[in-house]
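Report on the structure
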Amino acid sequence: MTDGDVSVKVCIRVRPLGAREVIDCCRVCTNFVPGEPQIILGSDKAFTYDKVYDLEAGQSEIFKSSIESLVDSCFDGLNTTILAYGQTGSGKTYTMGTQFDECIRETQRGMIPRAVDHLFDKILILRREAQEAGKIPPEFKVTAQFMELYNEEILDLLSPSGEAKGKKSNLKIHEDA
């Protein structure tokens, strides 16, 4: 692990205003501290994170600087979790790219499709390198979970269509004592 063996990093992304918000004359209520991973809400509430992405940060930049190395760490046998947290409308779907819109531009592709592509591209590269070196290509087992936690209910978003709709999962949320 790098960066002083920190196993959890918190990055914040302030998403751009949506088309409807622009039409409604909404405004961004955050300010950024230049050169610092800090945002200011309103006029006096400062919050510091490991990384702050402003309104101009593109999906590719966020993936390259915060997600790609996490995906690569899977090849070292480490588990990786990418978590999006925030209130409704804060940009989780936009950033993670879970809107499943086939007409989305490459620049708008979210973290999940980028991570999946990167993972399988790297598998192909490693297998090809082994073959070119005359070695037996490595085998990989990929497992993934894609869950949504909403109102203390967990939904498995990878379950076959209809199977989880309207049903609570068997997963229980509890606090350690």
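My aim in this report is to walk through the structure given alongside it, one point at a time. (Residues numbered from 1 in each chain as written. Predicted model: local features only at pLDDT ≥ 70, side-chain atom pairs only at ≥ 80, totals over all residues. Heavy atoms only, no water.)

Per the stated rule, a full pass over the model turns up one aromatic pair. Between Phe75 and Phe140 the ring centres are 5.7 Å apart and the planes differ by 80°, which places this aromatic pair in the edge-to-face class. Here Phe140 lies in the loop between helix 4 (111-132) and strand 6 (147-150) and Phe75 lies in the loop between helix 2 (59-73) and helix 3 (92-96), a separation of 65 residues in the sequence. The class of Phe75 is partly exposed, set by a relative accessible area of 23%. (Phe/Tyr/Trp six-rings, centres within 6.5 Å; stacked < 30°, edge-to-face > 60°. Helix = DSSP H or I, 4+ residues; strand = E, 2+ residues; numbered from the N terminus. Buried < 20%, exposed > 50% of the residue type's maximum accessible area, 1.4 Å probe, protein only.)

To continue, consider the environment of Ala130. Here Ala130 lies in helix 4. Among the residues examined, Ala130 registers a relative accessible area of 11% and is labelled buried. If near-sequence neighbours (up to four positions away) are discounted, Ala130 is found in contact with Lys135, Ile136, Pro137 and Pro138. (Contact = heavy atoms within 4.5 Å.)

Moving on to the sheet that holds strand 4 (residues 45-48). Ordered in space as 2-3-4, the three strands form an open sheet in which the pairing is antiparallel. The sheet is open, and its two edges are formed by strand 2 (30-32) and strand 4, each paired on a single side. Recorded for the sheet is a direction-independent mean angle of 30° between the axes of neighbouring strands. Bridge count between strand 2 and strand 3 (residues 38-41): three bridges; the pairing is antiparallel. Note that in strand 3 the partner of Phe32 across the bridge is Ile39. (Pairing = 2+ DSSP bridges. Axes fitted to C-alpha atoms, helices over the stretch in contact; angles between N-to-C directions.)

All right, on to the packing of helix 2 against helix 4 then. It is the contact of helix 2 with helix 4, at a shortest axis distance of 10 Å, that shows an interaxial angle of 50°. By the angle between their axes, helix 2 is oblique relative to helix 4. As for the relative orientation of helix 2 and helix 4, their crossing is right-handed in sense. Here helix 2 contributes Gln59, Ser60, Ile62, Phe63, Ile67, Glu68, Val71 and Asp72 to the contact with helix 4, which in turn contributes Met111, Arg114, Ala115, His118, Leu119 and Lys122. (Parallel < 35°, antiparallel > 145°, perpendicular 65-115°, else oblique. Left-handed = near helix turned anticlockwise from the far one by under 90°.)

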